[in-house]
Amino acid sequence: MKADLMVMGLLLLSGAFSGLLFDFYRMMRRGSRWRRTATFIGDVLFSMVVLGILVFVFRKANYLELRFYLFLASLTGLALYLAVLSRSAKRFFAGFFGLSQQVGGTLSYQVKGWFGVVNRLCRALLAIPYGILRWMGLLIYRILEAIALSARRSVDTLKTERSRRKRKQE
């Protein structure tokens, strides 16, 4: 008898917990304004989580022997939750998500400010080595440009000398 009451209480709690998860998910989805695809994926994931919870509880309660009272007790727990606790849970979640958005906005503003300071500091510290590297790169480019120009002139000079020799020989 005592074990049966424990099982019934566990089933009622599983239904109430499913309702609590539903309210949490609904308020999270409402606050984030998901698009159709994200909503569909979220609905599928939510359904899988609730199904996993119910299968776990049904396994503990009755070794997955599906009986009508398992579903009836879970649905009763869900109905009790929706009738008694759902409004206050939704208010709590709305306040929680509103507060988390405010805190998140403040934190992101602070983090952006710190990253800006770190960015300016890194730019200042790297300005000298970067300037040296730029100067060295330009120097190497100019040296190679002079070498290429000199090589092109020597090739042109060789060609003109060959053509002069051929003219003289004729």
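Each remark here, short or long, concerns the structure printed above.
All values derive from a computational prediction rather than experimental measurement.

A. Representation of the overall build of the protein chain in the model. Check the secondary structure of the protein chain and you find 4 helices and 0 strands. Reading the protein chain from its N end, one meets helices and strands in the order α-α-α-α. Radius of gyration (C-alpha) of the protein chain: 38 Å, far over the 15 Å computed for a compact globule of 170 residues. Looking at the protein chain residue by residue over its 170 residues, the buried ones come to 15%. Of all intrachain contacts in the protein chain linking residues separated by at least 6 positions in sequence, the fraction that spans at least 24 positions is 72%. When the accessible area of the protein chain is evaluated, it comes to approximately 14,100 Å², of which 68% is carbon and sulfur surface.

B. Main features of the pattern of salt bridges. Applying the stated criterion to the full structure yields 5 salt bridges. Across the pair Arg 29 and Asp 43 runs a salt bridge, and its minimum N-O distance is 2.9 Å. One end of the pair, Arg 29, is in helix 1 (residues 2-32); the other, Asp 43, is in helix 2 (residues 36-62), with 14 residues separating them in the sequence. Since its relative accessible area comes to 29%, Asp 43 is described here as partly exposed.

C. Expanded view of the environment of Phe 17. As for its position among the elements, Phe 17 is in helix 1. Spatially, the C-alpha atoms of Phe 17 and Leu 54 are 9.8 Å apart, while their sequence positions differ by 37 residues.

D. Structural detail: the nonpolar core. Within the largest apolar cluster, 7 residues are counted, these being Val 7, Leu 11, Val 57, Phe 58, Ala 61, Leu 70 and Ala 73. Among the secondary structure elements, those contributing two or more residues to this core are helix 1, helix 2 and helix 3 (68-84). No other element matches the 3 residues that helix 2 contributes to this core. With residues near it in sequence (within four places) discarded, Leu 70 still touches Leu 11, Phe 58, Ala 61, Asn 62 and Glu 65. Residues Met 27, Ala 89, Phe 93 and Phe 97 belong to the second largest nonpolar core, which totals 5 residues.

E. Highlighting helix 3. If you check helix 3, its first and last C-alpha atoms are 24 Å apart, about what 17 residues at 1.5 Å a residue would give, namely 24 Å. Among the residues of helix 3, those classed as buried are Leu 70, Ala 73, Ser 74, Gly 77 and Tyr 81. One side of helix 3 carries all its buried residues, which in axial view fall inside an arc of 95°. Opposite the buried face of helix 3, at more than 90 degrees from it, the exposed residues are Phe 68, Leu 75 and Ala 83. Against helix 1, helix 2 and helix 4 (86-169) lie the buried residues of helix 3.

Calculation notes
- Residues numbered from 1 in each chain as written.
- Predicted model: local features only at pLDDT ≥ 70, side-chain atom pairs only at ≥ 80, totals over all residues.
- Heavy atoms only, no water.
- Helix = DSSP H or I, 4+ residues; strand = E, 2+ residues; numbered from the N terminus.
- Rg over C-alpha atoms; globule rule 2.2 N^0.38 Å.
- Buried < 20%, exposed > 50% of the residue type's maximum accessible area, 1.4 Å probe, protein only.
- Contact = heavy atoms within 4.5 Å.
- Areas by Shrake-Rupley, 256 points an atom, 1.4 Å probe, with all protein chains shown as cover.
- Salt bridge = Lys/Arg side-chain N within 4 Å of Asp/Glu carboxyl O.
- Core = buried A, V, L, I, M, F, W, Y, C linked by side-chain atoms within 4.5 Å.
- Expected span 1.5 Å × (residues − 1).
- Arc of directions from axis to C-beta.

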